[in-house]
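# A look at the structure
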Amino acid sequence: MMGRTIFIDPGRCIGCRACVSACRECDSHRGTSLIHLDLSDEGHSAASLPTVCMHCEDPVAPCAEVCPADAILVTPDGVVQQADPTRCIGCSNCVNACPFGVPVVDTRARLQMKCDLCYDRTAHGLAPMCATVCPTGALFYGTLEELRAERPGVRVADSFAFGDVVLRTGVATVVPADKVDWPVPGGLPVVEVNGVDVP
Amino acid sequence: MSPPGSGETLVPTHCCFCGVQCGMYLRVDRRGKVFGVEPRDHDINRMRLCAKGIEAYQQINHPDRLTSPLLRRTRDEPFRPASWEEALDLTAAEMRRIQDAHGRDAFAVLGGSGLTTEKAYLVGKFARVALGTRHVDHNGSLCTAAAATANHLAFGIDRAANPFSDILLSDCLLIAGANIGDTFPVLTRYLWGARDRGAHLVVVDPRETAVARTADVHVALRPGTDTAFFNAVLHVVDRDGLTDRAFLDAHTTGWEELRKTVAAYPPERAVAVCGIPAEQVERVAALFGAARNAMAWHTRGIEQHPRGADTCLSVINLCAATGNLGRPGAGYGTIAGQGNGQGGREHGQQYDTLPGGRSITDPAHRRATAALWGIEEAELPEAGTPMAEMTGQMRRGEIRGLLGLGNNALVTLPDHSSAQAAYDALDFHVQCDSFLSETAAHAHVVLPVATWAEDEGVMTNAEARVVKHNKAQDPPPGVRTDTWVLCQLALRLGHGDRFAFAGSREVFDELRTATAGAPVDYSGITYERLAETGGIAWPCPSTDHPGTPRLFEDGRTRHPDGAVHLHPVEWREPADPYDDAYPMTFTTGRAAAHYLSDTHQPPNLPRTKGS
């Protein structure tokens, strides 16, 4: 994970959508929110989950790797930028490559947009908008030490397994202490391929 | 982030929505127009905001804003734009006509707790002095009235006993009838800050809210059975010797009677009445009773019931019996829902109160207020009736004219068809609003007034902390402040000398004088001090007084005997019990992105109404 990064704690999310509104206020993409807020079992549970870009470290940025126009740049500090509007061709390759479902493509503008951790704010030492306003700390911005000082005993994960592929990310997730399972399973489990059970 | 040299400025202020009153900056462009929001490191919220706060600025320059007075003679005519001169002259003439023909009390005023405290004060003074009517109330009586009654009965003072920051110091938090996650999202961080220290969290709520989902104990009782539950918890606390005998002996009255009452509420009774397992009663009693510092917070979920004050008292009884009052992390509070839910009910826009939390039925209080206003005590009207009763008087023709401001009563009053009939029966209805709300759309005259960011003033949050709202932009052309409207109407009614206010600051100065020595004492609070401190909790009797964030630290309540008055309360079957014909339960909820009747103007929020 990055030194200063976002920690996502789904257990603290109350689904209030403050992050979604705050993201819309960001000056680099004003009016468009790039946060996904999912209700995992709407109508039956109040559980909710915010998704920001995970800023994949290893393999580095699948979205950037598949970009045919070299539009997605990664900064030296590990932040995967949103597509450079002078290069992006709106092909959606990045949307297909992202294991977390993060980038969105404005098909009319033929432009990809995604969370860049509010680079205009973090470059000046401020926290990203979403983690600044989050009323509950479900989105926390800082170092792991700062998180641990506030939440003694907190466990975090920055590795996610998609089948055989393990992905290490710049953004980390808080995992329940009693359920930690390293790496965190990502995506749906593969149970069968062409009618044959996969063990 | 504003680029340097952009000419943008940041105006420090507070969110207008909800009783938490989070600090925020409004972003103002070089033309002087508000166009955005920036988080502010105020100690209430430490830069946090919910979706309501982030989107609030979008109301200010919204295309649906009203910018001209609207008039019509009858409700079947369309509105026509009119000049302020014509609209105010007509309104004042109608006030005179109705009062001359049907008596002074035939014209009523309904205010609201979305108004700043200065405006709320002016609503009460306008009704009692300029109109001389007894009929004035505000939408707070639909809201926090039950808790206010309970506070007065138990403590002799109506406010939360502890600041929000005490939540972080508590070992057991009891949250009753409060959907913190949706209604006061920013308070969630306080709850979880306490839990990070090891505090236990108990949530009493029929629904599994986002916070209830994570609680140590979620008591999902049947709606309307809270009193039976809290009595049963106190039963177990007493049975297991978890009461604080020293506190009960030294600081309370009525314990023996209360003890007899709760003796009839063993856990089995809660099982039968509330539909919850007996273990939950035992567990809550053990957690709350054994905690070194325990604290209870509740809101409308247990208050907005027939006998809602009784339910609040059953929570207060539990706090007092376990000695949880007046210490860091130990205490009690009700969280006001409206932005100025606390301040709006303190200074005389309520049917039975005068400024400073004084009572309109107390001769000494009447004399003090009459002297300040320069009228004879006999001229000061008697107590009126609560808003919900006023609708009956409107239907019966006892109230024939109405000035409404800071509310959307046609939507928020219970029993909509009766409320509609009441407004239909009015001879003359004038409503002040920034938008054409449902209530404004039903009026004869609509006066376009400023939003919260277009005037300065104070609001008092749910901790009883007075905070300062600052003006971020001028109102659009054609729009005036409520203060200006009330002063202009008073002038036309022949009381201009008592309403010669240039703006909020002059009103606040008079309010400070009016509350000196009163139960709700603001006299030591100034705009300058609020800017320096970020907010001061009343009572604050002098300009060198630091304010009173926590009550009862000396063990004394505001009753003359200094004791907490314990009131035995019995659970009663709800007014509409379940039976075969009506077997279903409906309960109201909240949505985090919305507030009161009408926050659908910001285009980005999902359109749901009636929260």
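Residues numbered from 1 in each chain as written. Chains lettered and ligands numbered in written order. Predicted model: local features only at pLDDT ≥ 70, side-chain atom pairs only at ≥ 80, totals over all residues.

### Considerations on the overall build of chain B
Helices and strands together make up the secondary structure of chain B, namely 20 helices and 22 strands. In terms of overall dimensions, chain B is globule-like: its C-alpha atoms have a radius of gyration of 24 Å, near the 25 Å expected for 611 residues. Each principal axis of the C-alpha distribution contributes one length, and for chain B these read about 70 × 60 × 55 Å. Here chain B, with 611 residues, has 58% of them falling under the buried criterion. Of all intrachain contacts in chain B linking residues separated by at least 6 positions in sequence, the fraction that spans at least 24 positions is 70%. (Helix = DSSP H or I, 4+ residues; strand = E, 2+ residues; numbered from the N terminus. Rg over C-alpha atoms; globule rule 2.2 N^0.38 Å. Buried ≥ 20, exposed ≤ 12 C-beta atoms within 10 Å, placed from the backbone. Contact = placed C-beta atoms within 7 Å.)

### Describing the overall build of chain A
What chain A contains, in helices and strands, is 6 helices and 12 strands. Evaluated residue by residue, chain A yields a buried proportion of 41% over its 199 residues. Look at the contacts in chain A between residues 6 or more apart in sequence, and 57% of them connect residues 24 or more apart.

### Quick look at helix H4 (residues 145-155) of chain B
Residues and elements named next belong to chain B. The buried fraction of H4 is high, at 8 of 11 residues. For H4, the set of buried residues is Ala-145, Ala-146, Ala-147, Ala-148, Ala-150, Asn-151, Ala-154 and Phe-155. Close packing links the buried residues of H4 with helix H12 (300-303), helix H13 (308-321), strand S13 (331-334) and strand S22 (564-565). One or two positions beyond H4, positive phi appears at Gly-156, with a value near 75°.

### What to know about unusual backbone geometry
The omega torsion across Asp58(A) and Pro59(A) is 0°, close enough to zero to call that bond cis. With respect to the helices and strands, the residue Pro59(A) is situated in the loop between strand S4 (56-58) and helix H2 (62-65). Between Trp538(B) and Pro539(B) the backbone carries a cis peptide bond, its omega angle lying at -5°. With respect to the helices and strands, the residue Pro539(B) is situated in the loop between strand S21 (536-537) and S22. At Arg46(B), a position not held by glycine, the phi torsion is positive, near 45°. Position of Arg46(B) relative to the elements: it lies in the loop between strand S3 (34-39) and helix H1 (51-55).

### Brief notes about the environment of Leu380(B)
Residue and element names in this part refer to chain B. Secondary-structure assignment places Leu-380 in the loop between helix H14 (363-373) and helix H15 (387-395). Spatially, the C-alpha atom of Leu-380 lies 10.0 Å from that of Lys-125, the residues being 255 residues apart in sequence. Leaving out residues up to four positions away in the same chain, Leu-380 has contacts with Arg-128, Arg-366, Thr-369, Ala-370 and Ile-375.

### With respect to the sheet that holds strand S18 (residues 445-448) of chain B
Residues and elements named next belong to chain B. One open sheet holds the 7 strands; their spatial order is S5-S4-S18-S17-S16-S6-S7, and the pairing between them is mixed. Each edge of the open sheet is held by one strand with a lone partner, namely strand S5 (80-81) and strand S7 (136-138). Bridge count for strand S17 (residues 428-433) against S18 is 4 bridges, and the pairing is parallel. Across the sheet, residue Gln-431 finds its bridge partner in S18, namely Val-446. Taken strand by strand, helix H3 (residues 117-131) contacts strand S6 (107-111), S7 and strand S16 (401-405), and its axis lies near 175° from that of S6. (Pairing = 2+ DSSP bridges. Axes fitted to C-alpha atoms, helices over the stretch in contact; angles between N-to-C directions.)

### Thoughts on the nonpolar core
Counting residues in each nonpolar core, the largest one holds 237 residues, and the members touching the most others are Cys130(A), Leu173(B), Val202(B), Val233(B) and Phe288(B). Per-domain counts for this core show at least three residues from each of domain 1 (70-139 + 340-452 + 480-530) and domain 2 (145-335 + 560-565) of chain B. Ignoring sequence-local partners within four residues, the contact set of Phe288(B) consists of Cys172(B), Leu174(B), Val202(B), Val233(B), Ala294(B), Leu318(B) and Thr322(B). (Core = buried A, V, L, I, M, F, W, Y, C linked by C-beta atoms within 7 Å. Domains from an automatic or database assignment.)

### Here we look at the environment of Thr548(B)
Residue and element names in this part refer to chain B. Structurally, the position occupied by Thr-548 is in the loop between S21 and S22. Sequence separation of Thr-548 and Pro-163 is 385 residues, and the distance between their C-alpha atoms is 9.4 Å. Not counting residues within four places of it along the chain, the set of residues in contact with Thr-548 comprises Ala-537, Trp-538, Pro-539 and Cys-540.

### A look at the packing of helix H7 (residues 226-239) of chain B against helix H10 (residues 267-274) of chain B
Residue and element names in this part refer to chain B. Packing of H7 against H10 brings their axes to within 9 Å, and their N-to-C directions diverge by 165°. Taken together, H7 and H10 sit at an angle that is classed as roughly antiparallel. Where H7 crosses over H10, the handedness of that crossing is left-handed. Residues Ala-228, Phe-229, Ala-232 and Val-236 of H7 touch H10, and the partners they reach there are Pro-267, Arg-269, Ala-270, Val-273 and Cys-274. Taken together, the residues that form the contact of H7 with H10 break down as 8 nonpolar, no polar and 1 charged. (Parallel < 35°, antiparallel > 145°, perpendicular 65-115°, else oblique. Left-handed = near helix turned anticlockwise from the far one by under 90°. Nonpolar A, V, L, I, M, F, W, Y, C, P; charged D, E, K, R; others polar.)

### Remarks on the domain arrangement of chain B
All names here are of chain B. If you check the domain split of chain B, you get domain 1 (70-139 + 340-452 + 480-530) and domain 2 (145-335 + 560-565). Distance from the C-alpha centre of domain 1 to the C-alpha centre of domain 2: 36 Å. Counting residues at the interface gives 4 residues for domain 1, matched by 4 residues for domain 2. Across the side of domain 1 that touches domain 2, the residue classes break down as 1 nonpolar, 2 polar and 1 charged.

### Digging into the packing of H7(B) against helix H11 (residues 278-290) of chain B
All names here are of chain B. For the pair H7 and H11, the least separation of the axes is 8 Å and the interaxial angle reads 65°. Here the hand of the crossing between H7 and H11 comes out right-handed. Residues Ala-232, Val-233, Val-236 and Val-237 of H7 pack against Val-281, Glu-282, Val-284, Ala-285, Phe-288 and Gly-289 of H11. In the contact of H7 with H11, the residues fall into 8 nonpolar, 1 polar and 1 charged.

### Digging into the interface of chain B and chain A
If you look at the interface, chain B gives 28 residues, while chain A gives 26 residues. Among the secondary structure elements, those contributing two or more residues to the side of chain B that touches chain A are S3, H1, helix H5 (180-183) and helix H6 (188-196) of chain B. The leading source of residues in the side of chain B that touches chain A is H6(B), at 4 residues. Looking at the side of chain B that touches chain A residue by residue, the classes come out as 15 nonpolar, 6 polar and 7 charged.

### Regarding the sheet that holds strand S9 (residues 200-204) of chain B
Residues and elements named next belong to chain B. The 5 strands are arranged S10-S9-S8-S12-S13 in an open sheet whose pairing can be described as parallel. In this open sheet, the two strands that pair with only one neighbour each are strand S10 (217-219) and S13. The average angle at which neighbouring strand axes cross in this sheet is 15°, direction not considered. In this structure, S9 lies alongside S10, joined through 3 bridges in parallel fashion. Bridging across to S10, Val-204 finds its partner in Val-219. Against the sheet, H13 engages strand S8 (172-176), strand S12 (294-298) and S13, with an angle of about 170° to S12.

### Focus on the environment of Ala453(B)
Following the sequence through the fold, Ala453(B) ends up in the loop between S18 and strand S19 (457-460). Beyond its immediate stretch of four places on either side in the chain, Ala453(B) contacts Thr13(B), Leu26(B), Val34(B), Ile60(B), Ala472(B) and Gln473(B).

### A closer look at the confidence of the model for chain B
Per-residue pLDDT for chain B averages 94, and the proportion of residues at 70 or more is 97%. In this model, residues 606-611 of chain B is a region of pLDDT below 50 whose contacts with residues beyond four sequence positions or in other chains number 13 contacts. (pLDDT = per-residue confidence, 0-100.)

### Brief notes about the pairing of S3(B)
Across a regular strand the side chains alternate sides, sitting on one face of the sheet and then on the other. All names here are of chain B. Note that strand S2 (residues 23-28) and S3 share 5 bridges and pair antiparallel. The partner of Val-28 across the bridge, within S3, is Val-34. Where S2 folds back onto S3 in an antiparallel hairpin, the turn is made up of 5 residues, including Gly-32, whose phi is positive at roughly 85°.

### A look at H7(B)
An α-helical segment advances 3.6 residues per turn. Residues three or four places apart therefore align on the same side. Residues and elements named next belong to chain B. When the terminal C-alpha atoms of H7 are compared, their 20 Å separation across 14 residues agrees well with the 20 Å that a helix rising 1.5 Å per residue should span. With respect to burial, H7 is a largely interior element, 12 of its 14 residues being buried. Among all positions of H7, only Asp-226, Thr-227, Ala-228, Phe-229, Phe-230, Asn-231, Ala-232, Val-233, Leu-234, His-235, Val-236 and Val-237 are buried. Phi turns positive one or two residues past the end of H7, at Gly-241, with a value near 70°. (Expected span 1.5 Å × (residues − 1).)

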